[in-house]
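What follows is each chain in one-letter form.
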Protein chains: 2
Amino acid sequence: MAKHTGLMTIGQVAQQVEVASSTLRFYEREGLIRPTKRSKAGYRLFDREALEQLRFIRAGQAIGFALNDIKALLLLDEETSCKRVQRLIEQRLVEIDAKLVNLKRLRSTLNDALGRCRKSKRGCAVVADLKGMSKKRKTLYS
Amino acid sequence: MAKHTGLMTIGQVAQQVEVASSTLRFYEREGLIRPTKRSKAGYRLFDREALEQLRFIRAGQAIGFALNDIKALLLLDEETSCKRVQRLIEQRLVEIDAKLVNLKRLRSTLNDALGRCRKSKRGCAVVADLKGMSKKRKTLYS
DNA sequence: TCTAACCTTTAAGTTAGGTTTATGGTACGC
DNA sequence: GCGTACCATAAACCTAACTTAAAGGTTAGA
Ligand SMILES: [Zn+2]
Ligand SMILES: [Zn+2]
Ligand SMILES: [Zn+2]
Ligand SMILES: [Zn+2]
(Lines give C-alpha, C1' and ligand atoms only; values in the text may rest on other atoms or scores of the structure.)
(Ligands and ions follow the chains in the order given, each with its own letter.)
Protein backbone atom coordinates (compact mmCIF):
# COMPACT_ATOMS: atom_id res chain seq x y z
CA MET A 1 0.00 0.00 0.00
CA ALA A 2 1.09 3.46 -0.88
CA LYS A 3 4.29 2.13 -2.32
CA HIS A 4 4.96 5.12 -4.47
CA THR A 5 4.07 7.88 -2.09
CA GLY A 6 6.52 6.69 0.54
CA LEU A 7 3.72 6.79 3.06
CA MET A 8 3.15 4.09 5.62
CA THR A 9 0.05 2.71 7.29
CA ILE A 10 -0.23 2.71 11.03
CA GLY A 11 0.82 -0.90 11.27
CA GLN A 12 3.97 -0.31 9.28
CA VAL A 13 4.92 2.64 11.43
CA ALA A 14 4.12 0.63 14.52
CA GLN A 15 6.43 -2.11 13.37
CA GLN A 16 9.25 0.29 12.57
CA VAL A 17 9.25 1.97 15.94
CA GLU A 18 8.24 -1.18 17.80
CA VAL A 19 5.11 0.16 19.38
CA ALA A 20 1.51 -1.02 19.19
CA SER A 21 -0.83 0.55 16.64
CA SER A 22 -3.21 1.31 19.48
CA THR A 23 -0.45 3.31 21.10
CA LEU A 24 -0.06 5.38 17.96
CA ARG A 25 -3.78 6.11 17.90
CA PHE A 26 -3.49 7.04 21.54
CA TYR A 27 -0.59 9.39 20.80
CA GLU A 28 -2.65 11.00 18.10
CA ARG A 29 -5.55 11.51 20.47
CA GLU A 30 -3.14 13.05 22.93
CA GLY A 31 -1.83 15.43 20.32
CA LEU A 32 1.67 13.98 20.09
CA ILE A 33 1.60 12.88 16.47
CA ARG A 34 -0.53 13.43 13.41
CA PRO A 35 -0.70 11.38 10.23
CA THR A 36 0.32 13.19 7.07
CA LYS A 37 -2.97 12.30 5.48
CA ARG A 38 -5.68 9.70 5.27
CA SER A 39 -6.26 7.25 2.47
CA LYS A 40 -9.51 7.26 0.56
CA ALA A 41 -10.72 4.56 2.91
CA GLY A 42 -9.76 6.54 5.98
CA TYR A 43 -6.49 4.78 6.77
CA ARG A 44 -3.88 6.88 8.50
CA LEU A 45 -0.83 7.45 6.33
CA PHE A 46 2.45 8.59 7.80
CA ASP A 47 5.64 9.83 6.22
CA ARG A 48 9.17 9.14 7.37
CA GLU A 49 9.25 12.20 9.55
CA ALA A 50 6.67 10.51 11.74
CA LEU A 51 9.27 7.86 12.49
CA GLU A 52 11.67 10.50 13.69
CA GLN A 53 9.03 12.16 15.76
CA LEU A 54 8.10 8.87 17.31
CA ARG A 55 11.71 8.08 18.09
CA PHE A 56 11.92 11.47 19.71
CA ILE A 57 8.93 10.57 21.84
CA ARG A 58 10.34 7.23 22.84
CA ALA A 59 13.75 8.74 23.52
CA GLY A 60 12.10 11.30 25.73
CA GLN A 61 10.23 8.62 27.61
CA ALA A 62 13.41 6.62 27.94
CA ILE A 63 15.06 9.47 29.74
CA GLY A 64 12.12 9.81 32.01
CA PHE A 65 9.92 12.53 30.59
CA ALA A 66 6.17 12.24 30.86
CA LEU A 67 4.21 12.47 27.64
CA ASN A 68 3.06 15.92 28.64
CA ASP A 69 6.64 17.09 28.96
CA ILE A 70 7.43 15.60 25.60
CA LYS A 71 4.47 17.32 24.04
CA ALA A 72 5.91 20.56 25.37
CA LEU A 73 9.33 19.70 24.00
CA LEU A 74 7.87 18.93 20.59
CA LEU A 75 6.45 22.41 20.42
CA LEU A 76 9.78 23.98 21.25
CA ASP A 77 12.01 25.59 18.77
CA GLU A 78 15.59 24.42 19.05
CA GLU A 79 16.76 27.99 18.80
CA THR A 80 14.80 29.59 21.55
CA SER A 81 14.12 27.25 24.36
CA CYS A 82 17.16 26.09 26.29
CA LYS A 83 15.85 27.65 29.46
CA ARG A 84 12.67 25.65 29.29
CA VAL A 85 14.50 22.44 28.60
CA GLN A 86 16.79 23.05 31.51
CA ARG A 87 13.90 23.67 33.83
CA LEU A 88 12.22 20.46 32.74
CA ILE A 89 15.37 18.47 33.29
CA GLU A 90 16.05 20.05 36.65
CA GLN A 91 12.55 19.23 37.82
CA ARG A 92 12.98 15.63 36.76
CA LEU A 93 16.30 15.45 38.59
CA VAL A 94 14.74 16.67 41.80
CA GLU A 95 11.99 14.08 41.51
CA ILE A 96 14.49 11.34 40.76
CA ASP A 97 16.68 12.24 43.69
CA ALA A 98 13.71 12.14 46.02
CA LYS A 99 12.75 8.73 44.70
CA LEU A 100 16.31 7.51 45.10
CA VAL A 101 16.42 8.58 48.72
CA ASN A 102 13.15 6.82 49.44
CA LEU A 103 14.11 3.66 47.65
CA LYS A 104 17.46 3.44 49.39
CA ARG A 105 15.90 3.88 52.79
CA LEU A 106 13.31 1.30 51.89
CA ARG A 107 15.98 -1.10 50.73
CA SER A 108 17.91 -0.94 53.92
CA THR A 109 14.78 -1.30 56.04
CA LEU A 110 13.75 -4.38 54.13
CA ASN A 111 17.25 -5.76 54.22
CA ASP A 112 17.37 -5.39 57.99
CA ALA A 113 14.01 -7.08 58.21
CA LEU A 114 15.27 -9.93 56.09
CA GLY A 115 18.25 -10.35 58.37
CA ARG A 116 16.05 -10.47 61.43
CA CYS A 117 13.68 -12.87 59.72
CA ARG A 118 16.53 -15.24 58.90
CA LYS A 119 17.94 -15.15 62.40
CA SER A 120 14.64 -15.59 64.19
CA LYS A 121 14.41 -19.14 65.48
CA ARG A 122 11.02 -19.41 67.14
CA GLY A 123 8.36 -17.50 65.16
CA CYS A 124 8.95 -14.77 62.64
CA ALA A 125 10.57 -11.77 64.27
CA VAL A 126 9.50 -9.51 61.41
CA VAL A 127 5.84 -10.37 61.62
CA ALA A 128 6.10 -10.13 65.37
CA ASP A 129 7.59 -6.67 65.10
CA LEU A 130 5.02 -5.47 62.66
CA LYS A 131 2.24 -6.86 64.77
CA GLY A 132 3.33 -4.51 67.50
CA MET A 133 6.24 -4.35 69.89
CA SER A 134 3.62 -3.38 72.40
CA LYS A 135 2.45 -6.95 72.94
CA LYS A 136 3.31 -9.99 74.95
CA ARG A 137 6.60 -10.57 73.15
CA LYS A 138 6.54 -14.29 73.55
CA THR A 139 9.22 -14.36 70.86
CA LEU A 140 11.86 -13.12 73.26
CA TYR A 141 11.49 -15.33 76.27
CA SER A 142 10.17 -18.81 76.03
CA MET B 1 -20.66 7.08 71.92
CA ALA B 2 -19.90 3.58 73.02
CA LYS B 3 -18.01 4.90 75.98
CA HIS B 4 -18.47 1.84 78.11
CA THR B 5 -17.80 -0.82 75.55
CA GLY B 6 -14.38 0.57 74.67
CA LEU B 7 -15.41 0.56 71.03
CA MET B 8 -14.67 3.38 68.66
CA THR B 9 -16.46 4.77 65.65
CA ILE B 10 -14.71 4.97 62.33
CA GLY B 11 -13.86 8.63 62.80
CA GLN B 12 -12.22 7.98 66.15
CA VAL B 13 -10.14 5.19 64.73
CA ALA B 14 -9.26 7.35 61.76
CA GLN B 15 -8.05 10.06 64.06
CA GLN B 16 -5.97 7.66 66.15
CA VAL B 17 -4.11 6.19 63.22
CA GLU B 18 -4.12 9.40 61.21
CA VAL B 19 -5.88 8.12 58.16
CA ALA B 20 -9.10 9.19 56.46
CA SER B 21 -12.35 7.44 57.30
CA SER B 22 -12.81 6.80 53.62
CA THR B 23 -9.52 4.93 53.63
CA LEU B 24 -10.76 2.70 56.43
CA ARG B 25 -13.90 1.88 54.48
CA PHE B 26 -11.69 1.17 51.50
CA TYR B 27 -9.50 -1.16 53.58
CA GLU B 28 -12.60 -2.96 54.73
CA ARG B 29 -13.77 -3.41 51.14
CA GLU B 30 -10.33 -4.80 50.32
CA GLY B 31 -10.53 -7.26 53.17
CA LEU B 32 -7.76 -5.75 55.26
CA ILE B 33 -9.80 -4.83 58.33
CA ARG B 34 -13.19 -5.61 59.77
CA PRO B 35 -15.14 -3.73 62.43
CA THR B 36 -15.83 -5.69 65.60
CA LYS B 37 -19.51 -4.97 65.19
CA ARG B 38 -22.05 -2.47 63.99
CA SER B 39 -24.15 -0.19 66.14
CA LYS B 40 -27.91 -0.44 66.02
CA ALA B 41 -27.85 2.36 63.47
CA GLY B 42 -25.28 0.59 61.33
CA TYR B 43 -22.20 2.49 62.48
CA ARG B 44 -18.95 0.56 62.33
CA LEU B 45 -17.51 -0.04 65.78
CA PHE B 46 -13.89 -1.02 66.25
CA ASP B 47 -11.98 -2.28 69.26
CA ARG B 48 -8.40 -1.45 70.20
CA GLU B 49 -7.03 -4.38 68.26
CA ALA B 50 -8.14 -2.63 65.12
CA LEU B 51 -5.68 0.11 65.96
CA GLU B 52 -2.88 -2.40 66.14
CA GLN B 53 -3.92 -4.01 62.92
CA LEU B 54 -4.04 -0.66 61.20
CA ARG B 55 -0.62 0.24 62.51
CA PHE B 56 0.58 -3.06 61.11
CA ILE B 57 -0.87 -2.12 57.75
CA ARG B 58 0.71 1.31 57.75
CA ALA B 59 4.02 -0.09 58.94
CA GLY B 60 3.90 -2.61 56.13
CA GLN B 61 3.20 0.12 53.62
CA ALA B 62 5.99 2.22 55.06
CA ILE B 63 8.46 -0.54 54.34
CA GLY B 64 7.16 -0.87 50.83
CA PHE B 65 4.70 -3.71 50.83
CA ALA B 66 1.66 -3.51 48.60
CA LEU B 67 -1.70 -3.89 50.28
CA ASN B 68 -1.99 -7.33 48.74
CA ASP B 69 1.26 -8.39 50.36
CA ILE B 70 0.07 -7.01 53.66
CA LYS B 71 -3.18 -8.87 53.36
CA ALA B 72 -1.13 -12.03 52.93
CA LEU B 73 1.00 -11.14 55.94
CA LEU B 74 -2.08 -10.55 58.04
CA LEU B 75 -3.21 -14.08 57.38
CA LEU B 76 0.11 -15.52 58.42
CA ASP B 77 0.71 -17.14 61.72
CA GLU B 78 3.85 -15.87 63.42
CA GLU B 79 4.86 -19.41 64.23
CA THR B 80 4.73 -20.99 60.82
CA SER B 81 5.55 -18.58 58.10
CA CYS B 82 9.10 -17.28 58.09
CA LYS B 83 9.76 -18.79 54.69
CA ARG B 84 6.86 -16.92 53.19
CA VAL B 85 7.89 -13.65 54.75
CA GLN B 86 11.41 -14.08 53.49
CA ARG B 87 10.20 -14.74 49.99
CA LEU B 88 8.05 -11.62 50.06
CA ILE B 89 10.93 -9.50 51.26
CA GLU B 90 13.34 -10.98 48.75
CA GLN B 91 10.93 -10.25 45.92
CA ARG B 92 10.58 -6.68 47.05
CA LEU B 93 14.36 -6.33 47.24
CA VAL B 94 14.74 -7.55 43.69
CA GLU B 95 12.15 -5.05 42.49
CA ILE B 96 13.75 -2.26 44.42
CA ASP B 97 17.21 -3.02 43.08
CA ALA B 98 15.89 -3.01 39.54
CA LYS B 99 14.25 0.34 40.14
CA LEU B 100 17.44 1.71 41.66
CA VAL B 101 19.47 0.68 38.63
CA ASN B 102 17.00 2.30 36.28
CA LEU B 103 16.75 5.47 38.28
CA LYS B 104 20.50 5.86 38.55
CA ARG B 105 20.96 5.38 34.83
CA LEU B 106 18.19 7.84 34.23
CA ARG B 107 19.74 10.32 36.58
CA SER B 108 23.07 10.28 34.86
CA THR B 109 21.49 10.49 31.42
CA LEU B 110 19.50 13.52 32.46
CA ASN B 111 22.46 15.05 34.18
CA ASP B 112 24.57 14.68 31.05
CA ALA B 113 21.76 16.23 29.06
CA LEU B 114 21.59 19.12 31.44
CA GLY B 115 25.32 19.67 31.07
CA ARG B 116 25.09 19.66 27.30
CA CYS B 117 22.08 21.93 27.45
CA ARG B 118 23.96 24.45 29.56
CA LYS B 119 26.99 24.39 27.35
CA SER B 120 25.14 24.63 24.07
CA LYS B 121 25.50 28.11 22.70
CA ARG B 122 23.49 28.19 19.49
CA GLY B 123 20.26 26.20 19.85
CA CYS B 124 19.51 23.54 22.40
CA ALA B 125 21.85 20.61 21.96
CA VAL B 126 19.53 18.35 23.92
CA VAL B 127 16.49 19.01 21.78
CA ALA B 128 18.70 18.72 18.74
CA ASP B 129 19.97 15.35 19.90
CA LEU B 130 16.54 14.05 20.68
CA LYS B 131 15.27 15.20 17.34
CA GLY B 132 17.70 12.81 15.78
CA MET B 133 21.44 12.72 15.39
CA SER B 134 20.61 11.49 11.92
CA LYS B 135 19.87 14.94 10.65
CA LYS B 136 21.62 17.92 9.24
CA ARG B 137 23.34 18.68 12.56
CA LYS B 138 23.39 22.39 12.03
CA THR B 139 24.25 22.69 15.72
CA LEU B 140 27.77 21.44 15.18
CA TYR B 141 29.03 23.46 12.26
CA SER B 142 27.88 26.88 11.34
C1' DT C 1 -13.96 -14.89 -4.95
C1' DC C 2 -12.61 -16.04 -0.71
C1' DT C 3 -10.02 -15.28 3.30
C1' DA C 4 -6.67 -13.55 6.33
C1' DA C 5 -4.75 -9.71 7.87
C1' DC C 6 -5.22 -5.29 7.79
C1' DC C 7 -7.68 -0.87 9.10
C1' DT C 8 -11.59 2.27 11.27
C1' DT C 9 -14.43 4.13 15.38
C1' DT C 10 -16.22 4.79 20.19
C1' DA C 11 -16.15 3.35 24.60
C1' DA C 12 -14.66 1.05 28.40
C1' DG C 13 -11.11 -1.45 31.10
C1' DT C 14 -6.43 -1.80 33.35
C1' DT C 15 -2.99 -0.71 37.50
C1' DA C 16 -2.83 1.02 42.90
C1' DG C 17 -4.53 3.24 46.52
C1' DG C 18 -7.33 5.71 47.56
C1' DT C 19 -10.89 10.36 47.28
C1' DT C 20 -15.16 12.54 46.11
C1' DT C 21 -19.98 13.01 45.40
C1' DA C 22 -24.77 12.27 46.04
C1' DT C 23 -28.21 11.16 49.07
C1' DG C 24 -29.86 10.34 53.39
C1' DG C 25 -29.84 8.61 58.34
C1' DT C 26 -27.88 9.50 63.47
C1' DA C 27 -26.08 11.62 67.73
C1' DC C 28 -25.34 15.27 70.78
C1' DG C 29 -25.31 19.70 72.96
C1' DC C 30 -28.20 23.71 73.93
C1' DG D 1 -36.44 20.94 68.27
C1' DC D 2 -32.54 22.51 65.95
C1' DG D 3 -28.01 22.84 64.19
C1' DT D 4 -23.80 20.72 63.52
C1' DA D 5 -20.93 17.07 63.17
C1' DC D 6 -20.82 12.41 62.29
C1' DC D 7 -22.15 8.10 59.96
C1' DA D 8 -24.08 5.03 56.02
C1' DT D 9 -24.15 3.40 50.97
C1' DA D 10 -23.14 3.10 45.99
C1' DA D 11 -20.92 4.87 42.44
C1' DA D 12 -17.98 7.73 40.10
C1' DC D 13 -13.59 9.85 39.88
C1' DC D 14 -8.35 10.51 40.16
C1' DT D 15 -3.29 9.66 37.70
C1' DA D 16 -0.49 7.68 33.52
C1' DA D 17 -0.03 5.41 29.66
C1' DC D 18 -1.96 2.47 27.47
C1' DT D 19 -4.98 -1.87 26.08
C1' DT D 20 -9.12 -4.19 24.86
C1' DA D 21 -13.65 -4.84 23.09
C1' DA D 22 -17.27 -4.43 19.89
C1' DA D 23 -18.77 -3.84 15.44
C1' DG D 24 -17.58 -3.33 10.96
C1' DG D 25 -15.00 -1.63 6.55
C1' DT D 26 -10.58 -2.55 3.31
C1' DT D 27 -6.92 -4.77 0.85
C1' DA D 28 -3.74 -8.16 -0.77
C1' DG D 29 -2.75 -12.60 -2.19
C1' DA D 30 -3.89 -17.28 -4.04
ZN1 LIG E 1 10.49 -14.39 59.65
ZN1 LIG F 1 19.23 23.24 25.78
ZN1 LIG G 1 -8.12 0.18 43.45
ZN1 LIG H 1 -15.29 -7.83 12.79
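For the structure, check the block above.
Keep in mind that what you see is a predicted model, and the values were worked out from it rather than measured. (Residues numbered from 1 in each chain as written. Chains lettered and ligands numbered in written order. Predicted model: local features only at pLDDT ≥ 70, side-chain atom pairs only at ≥ 80, totals over all residues. Heavy atoms only, no water.)

K.L.:
I tried to follow the protein's contact with DNA strand D on my own but got confused; where do I start?
P.N.:
By nearness alone, 21 residues border DNA strand D, and T23, Y43 and Q61 of chain A together with T9 and R44 of chain B come closest of all. A distance of 2.7 Å separates a phosphate oxygen of DNA strand D from a polar side-chain atom of Q61 of chain A. In this structure, G11 of chain B approaches DNA strand D through a main-chain N or O atom, which is 2.8 Å from a phosphate oxygen. Of all elements in the fold, only helix 2 (21-29) and helix 3 (48-62) of chain A together with helix 1 (10-17) of chain B reach the threshold of two or more residues within the surface near DNA strand D. Here the surface near DNA strand D takes five residues from helix 2 of chain A, the largest share from any one element. By residue class, the composition of the surface near DNA strand D is 10 nonpolar, six polar and five charged. (Near = heavy atom within 4 Å. Polar contact = N/O pair within 3.5 Å; in protein donor to acceptor, adjacent residues only side chain to side chain. Helix = DSSP H or I, 4+ residues; strand = E, 2+ residues; numbered from the N terminus. Nonpolar A, V, L, I, M, F, W, Y, C, P; charged D, E, K, R; others polar.)

K.L.:
What is the right way to look at the packing of aromatic side chains in this model?
P.N.:
Remark: the centre distance and the inter-plane angle together describe each pair of aromatic rings, the angle taken between the planes. Following the criterion strictly, the structure yields two aromatic pairs over all chains and no others. The interplanar angle of 45° and the centroid separation of 5.9 Å between the aromatic rings of F26 of chain A and Y27 of chain A together place this pair among those described as tilted. (Phe/Tyr/Trp six-rings, centres within 6.5 Å; stacked < 30°, edge-to-face > 60°.)

K.L.:
How do you make sense of the protein's contact with DNA strand C when you look at a structure like this?
P.N.:
Within the structure, DNA strand C sits among 21 residues, and G11 and R44 of chain A together with T23, Y43 and Q61 of chain B are positioned closest to it. Taking the atoms of DNA strand C that fall within 4 Å of the protein, sugar and phosphate contribute 79% of them. R38 of chain A is positioned such that a nitrogen or oxygen atom in its side chain is 3.2 Å from a phosphate oxygen of DNA strand C. The separation between a phosphate oxygen of DNA strand C and a polar side-chain atom of T23 of chain B is 2.3 Å. Of all the secondary-structure elements, those providing two or more residues to the surface near DNA strand C are helix 1 (10-17) of chain A together with helix 2 (21-29) and helix 3 (48-62) of chain B. Ranked by residues supplied to the surface near DNA strand C, first place goes to helix 2 of chain B with five residues.

K.L.:
What exactly am I supposed to notice about the coordination of the zinc ion (ligand 1) here?
P.N.:
Between any two of four tetrahedral donors, the ideal angle at the metal is 109.5 degrees; between two of six octahedral donors, it is 90 or 180 degrees. Protein coordination at the zinc ion (ligand 1) comes from C117 of chain A (SG), C124 of chain A (SG) and C82 of chain B (SG), with a distance range of 2.1 to 2.2 Å. Remark: C82 of chain B occurs in helix 5 (residues 82-119) and C117 of chain A occurs in helix 5 (residues 82-119); the pair is interchain, linking two chains. On the basis of relative accessibility, which here comes to 1%, the residue C117 of chain A falls in the buried class. Classification of C82 of chain B by relative accessible area gives buried; the value is 19%. (Donors = N, O, S within 2.8 Å, 3.2 Å for Na, K, Ca; no water. Buried < 20%, exposed > 50% of the residue type's maximum accessible area, 1.4 Å probe, protein only.)

K.L.:
Help me out: how do you make sense of the interface of chain A and chain B in this one?
P.N.:
Often, the extent of an interface is quoted as the loss of accessible area upon association of its parts. In this complex, chain A contributes 46 residues to the contact, which on the side of chain B involves 46 residues. Taken together, chain A and chain B are joined by four salt bridges. R107 of chain A is paired through a salt bridge with D97 of chain B; the nearest N and O atoms lie 2.7 Å apart. Here chain A is connected to chain B by four residue pairs in polar contact (both at pLDDT 80 or more). Of all the secondary structure elements, the ones that give two or more residues to the side of chain A that touches chain B are helix 3, helix 4 (67-75), helix 5 and helix 6 (125-130) of chain A. In terms of residue count, the dominant contributor to the side of chain A that touches chain B is helix 5 of chain A (22 residues). A class-by-class count of the residues in the side of chain A that touches chain B yields 25 nonpolar, eight polar and 13 charged. (Contact = heavy atoms within 4.5 Å. Salt bridge = Lys/Arg side-chain N within 4 Å of Asp/Glu carboxyl O.)

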